[in-house]
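Remarks on the overall topology
Letter by letter, the chains look like this.
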Amino acid sequence: MLWTGNLKSLLPQALRRIIRCNRLSISNTSGMAEGYKQANVVILHKSLADDFERFCHANKGPLPLLYRSQPGDWKCPSLSSDSDIRTDCLQYRLYEHGTFTRSLKSLKEYAEQLKDMVTFYLGCSFSFEKAQKNAGIKSIPVRNVEQKCNVSMYKTSVPCYSVSTFCCNLVVTMRPIPANKLEAAVLATSELEESHGAPVHIGNPGLLGIQDLSKPDYGDPVHLHPGDIPVFWACGVTGIEAIINCRSPLAFTHSPGCMFITDLKNNEAAVGSSREVPQVHCISQDPLHYSIVSAEAAQKINTLESLIGIDPGDRGIIHLQHQEELLKSCLSISHAQSVLITTGFPTHFTYEPPEENDGPPGAFAIAAMLQALEKDVAIVTDQRAMSLNRKIMAEAVQLGILKRPIPLLSYQKESTDSALMFLCENGNCGRPRFDHLIAIERAGMAADGNYYNARKVNIKHLVDPIDDLFLAAKTIPGVATTGVGDGGNELGMGKVKDAVKKYIKNGDVIACDVEADFTIVAGVSNWGGYAIACALYILSTCEIHDRYLRKAVGFPQLSKKMVWLSALPSVTKEEKFLKALVQHGVRSGKTASLEMEVDGLPFYNTHSLMIEKLL
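Residues numbered from 1 in each chain as written. Predicted model: local features only at pLDDT ≥ 70, side-chain atom pairs only at ≥ 80, totals over all residues. Heavy atoms only, no water.

Considerations on the packing of aromatic side chains
- Applying the stated criterion across every chain yields a total of 12 aromatic pairs.
- On the numbers, 5.7 Å between centres and 45 degrees between planes, the contact of Tyr95 with Phe100 is tilted.
- Assessed through its relative accessible area of 1%, Tyr95 is described here as buried.
- The interplanar angle of 80 degrees and the centroid separation of 5.0 Å between the aromatic rings of Tyr161 and Phe555 together place this pair among those described as edge-to-face. Of this pair, Tyr161 sits in the loop between β6 (152-159) and β7 (169-178) while Phe555 is found in the loop between α17 (543-549) and α18 (561-567), placing the two residues 394 residues apart along the sequence.
- With a relative accessible area of 43%, Tyr161 lands in the partly exposed category. (Phe/Tyr/Trp six-rings, centres within 6.5 Å; stacked < 30°, edge-to-face > 60°. Buried < 20%, exposed > 50% of the residue type's maximum accessible area, 1.4 Å probe, protein only. Helix = DSSP H or I, 4+ residues; strand = E, 2+ residues; numbered from the N terminus.)

Okay, structure coming up:
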């Protein structure tokens with residue numbers, strides 16, 4: 001006789017007995033024994049057990065180890081008082097030499113082989129469904145339970161950390177979450193590390209290598225409601241993929257969605273050691289992409305933004321500033337693998353060289369941090385300034401600002417598709433060379449197609465059309481842009497052009513018309529560059545953000561902290577670099593800000609000291 005009662009309210013012990021007697025006709029255990037932990041199961045030969053345990057510890061997000069049995073032991077006393085792993089899962093899978101050969105309701109026919117096999121019990125996301133429902137006034141719907149189906153599970157293109165013969169890509173579950181409840185969902189799950197913890201991705205599935213949400217690799221399709229965002233958690237089915245790739249002669253697992261139900265209540269489960277509160281920020285609309293950061297790290301970066309926003313020249317830049325632009329820009333840069341930087345404002349058009357010294361120091365500060373973070377970075381500049389920039393780069397390397405030279409590029413418009421050909425392999429928008437473009441104190445094109453300095457002097461003859469790259473980037477999914485400026489006539493400031501025209505002297509003429517996705521407005525543009533470098537350091541040392549970046553596989557990157565620290569901007573580095581620029585004929589363009597003093601120190605250096613103190 002099949003059981004037809006309320007499975008949610010049954011105690012785990014009773015539910016296991018019903019499963020053991022094969023009296024359930026359901027296809028998965030989602031929503032069963034609500035409030036109790038469920039577990040993925042992997043059973044393999046004892047000769048592989050130590051390596052698999054190391055594999056679990058190296059990939060704690062998808063494979064949080066709850067218990068490892070002794071060879072031939074059917075029980076797990078720390079998880080349940082009365083259980084038999086041979087019978088207490090709803091359904092099992094048999095793998096022979098990595099091939100799935102059949103499903104089983106019981107493993108008793110393999111009792112002899114099981115004597116030499118070890119069982120691993122791994123945390124499951126079904127365990128946090130109750131936590132989502134109980135998320136205070138922002139109770140989060142569990143769509144797969146609502147739709148009476150299994151959760152969707154997908155193979156990704158994200159490689160796990162390999163150990164011996166165990167290697168595979170991450171598997172994730174997807175749960176649709178209303179956009180206004182994303183942060184509540186992250187908060188509800190972030191501390192439940194034994195149930196996979198916080199999400200590893202929020203937004204477009206293509207960024208994980210998932211092509212079609214309607215075709216899960218395991219489980220059932222779960223339909224999104226209007227306003228839902230796909231949210232992905234690491235999944236214990238990653239263990240099944242590891243078993244397949246290991247090709248062991250004999251192995252057993254639970255059937256995906258048919259978990260082992262423990263006696264351990266969710267509120268008795270171990271939680272993470274971090275007390276940091278996560279925040280969720282949208283960093284891209286095309287493709288849709290959210291990032292996660294701790295509230296503490298976000299506050300530090302917002303404080304940096306306030307520091308650099310002081311207006312030493314009293315030019316009215318406060319009216320151009322948007323809150324959290326620095327944070328969102330740096331979150332986007334943090335996710336990028338390849339960054340292109342441009343700088344150069346030929347303010348001194350009657351001199352040779354015409355460049356000012358605001359821009360290059362900030363640009364190289366950003367480049368130094370990107371190098372330390374092991375990202376690809378290049379600089380694009382005017383053809384006429386290539387020789388000067390090579391000399392500046394050599395100085396940056398000699399002074400220890402850069403570890404090594406970085407590619408120096410120039411751009412010329414030769415045809416209508418020149419920008420796409422520059423930014424993408426063979427002009428293919430699906431294969432961009434850069435994920436993020438940064439312009440810092442770079443002359444920006446005005447509405448009339450000309451380039452102006454602050455005094456309304458047209459300097460177009462000195463400026464190559466690098467703006468085209470930022471315009472083309474708007475058409476390439478996944479490529480973001482940041483503009484750093486201090487007067488509104490810099491590349492990227494088109495986002496605030498209405499305010500520039502209203503509040504900045506000569507703004508109606510000089511305002512840049514080209515928008516960046518993120519606009520960082522500083523009292524001196526170099527400060528914006530220093531702030532980006534410092535903010536990237538803050539993000540890299542944030543445990544919550546680090547975990548999200550590496551998709552909860554592998555190990556934390558904090559062992560590289562000293563390398564990142566050495567790449568930070570400093571007063572000493574800044575002073576040496578500015579002197580080097582003077583030796584190459586580069587003049588100041590911000591004399592007012594440089595000549596002011598605070599407590600006997602130049603205002604410029606005082607700000608650098610304030611940033612150092614903050615870090």
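Remarks on the layout of surface pockets
- The calculated volume of the largest pocket comes to roughly 1,500 Å³.
- Taken together, 50 residues form the lining of the largest pocket, with His289, Ser334, His335, Ala336 and Gln337 sitting closest to its centre.
- Only β6, β13 (278-285), α9 (325-335), β19 (480-485), α16 (525-540) and α17 provide two or more residues apiece to the lining of the largest pocket.
- Among the elements that line the lining of the largest pocket, the one with the most residues is α9, at 5 residues. (1 Å grid on protein atoms, 1.4 Å probe; cavity = no way out; pocket = protein on both sides within 12 Å on 5 of 7 lines; lining within 4 Å. Points joined across faces, edges and corners; volume = space filled by probe spheres on them.)

Comments concerning the sheet that holds β13
- The sheet built from 7 strands is open, its strands ordered β9-β6-β7-β10-β8-β14-β13 with antiparallel pairing. Here the strands that pair on one side only, and so sit at the sheet edges, are β9 (218-219) and β13.
- Relative to strand β10 (residues 228-234), strand β8 (residues 201-203) is paired through 2 bridges, and the arrangement is antiparallel. What sits directly across from His201, in β10, is Phe232.
- Those strands touched by α9 are β13 and β14 (288-294), and its axis lies near 75 degrees from that of β13. (Pairing = 2+ DSSP bridges. Contact = heavy atoms within 4.5 Å. Axes fitted to C-alpha atoms, helices over the stretch in contact; angles between N-to-C directions.)

Some words on the pattern of salt bridges
- Throughout the structure, instances matching the rule amount to 22 salt bridges.
- Between Glu374 and Lys560 there is a salt bridge whose closest N-O contact spans 3.4 Å. Pair noted here: Glu374 is in the loop between α10 (360-372) and β16 (376-381) and Lys560 is in the loop between α17 and α18, with a separation of 186 residues, a long-range link.
- With relative accessibility at 55%, the residue Glu374 sits in the exposed group.
- When salt bridges with common partners are traced through the structure, they connect Glu355, Asp382, Arg384 and Arg442 into a single cluster. (Salt bridge = Lys/Arg side-chain N within 4 Å of Asp/Glu carboxyl O.)

Side note on the pairing of strand β1 (residues 36-45)
- Most of β1 is tucked away: 9 of the 10 residues are buried.
- Of the strand pairs in this sheet, β1 and strand β12 (residues 260-265) are connected by 3 bridges, and their pairing is antiparallel. Considered in β12, the bridge of Gln38 is made with Ile261.
- As paired elements, β1 and strand β5 (residues 117-123) share 7 bridges and run antiparallel to each other. Each residue of the ladder has a partner; that of Val41, found in β5, is Tyr121.
- Where β1 lies against strand β11 (residues 251-254), 3 bridges are found, and the strand directions are antiparallel. Its bridge partner lying in β11, Ile43 is registered against Phe252.

Overview of the sheet that holds β16
- Read across the sheet, 6 strands follow the order β17-β16-β15-β18-β19-β20 without closing on themselves; strand pairing throughout is parallel. Because the sheet does not close on itself, it has two edges, and the strands there are β17 (408-410) and β20 (518-521). Averaged over neighbouring strand pairs, the angle between their axes works out to 25 degrees when direction is ignored.

Some thoughts on unusual backbone geometry
- For the peptide bond that leads from Asp286 to Pro287, omega is 0 degrees, which places it in the cis range.
- As for its position among the elements, Pro287 is in the loop between β13 and β14.
- Note the cis peptide between Glu352 and Pro353, where omega equals 0 degrees.
- Take Pro353: it is sitting in the loop between β15 (338-344) and α10.
- Notably, Glu324 is not glycine yet its phi reads approximately 65 degrees, a positive angle.

Section: the environment of Pro141
- Note that Pro141 resides in the loop between α4 (129-133) and α5 (143-146).
- Overall, Pro141 belongs to the buried group, its relative accessible area being 15%.
- When the C-alpha atoms of Pro141 and Ala185 are compared, they prove to be 9.7 Å apart, with 44 residues separating the residues in sequence.
- Other than its neighbours up to four places away in sequence, Pro141 contacts Glu146, Pro176, Ile177, Pro178 and Lys181.

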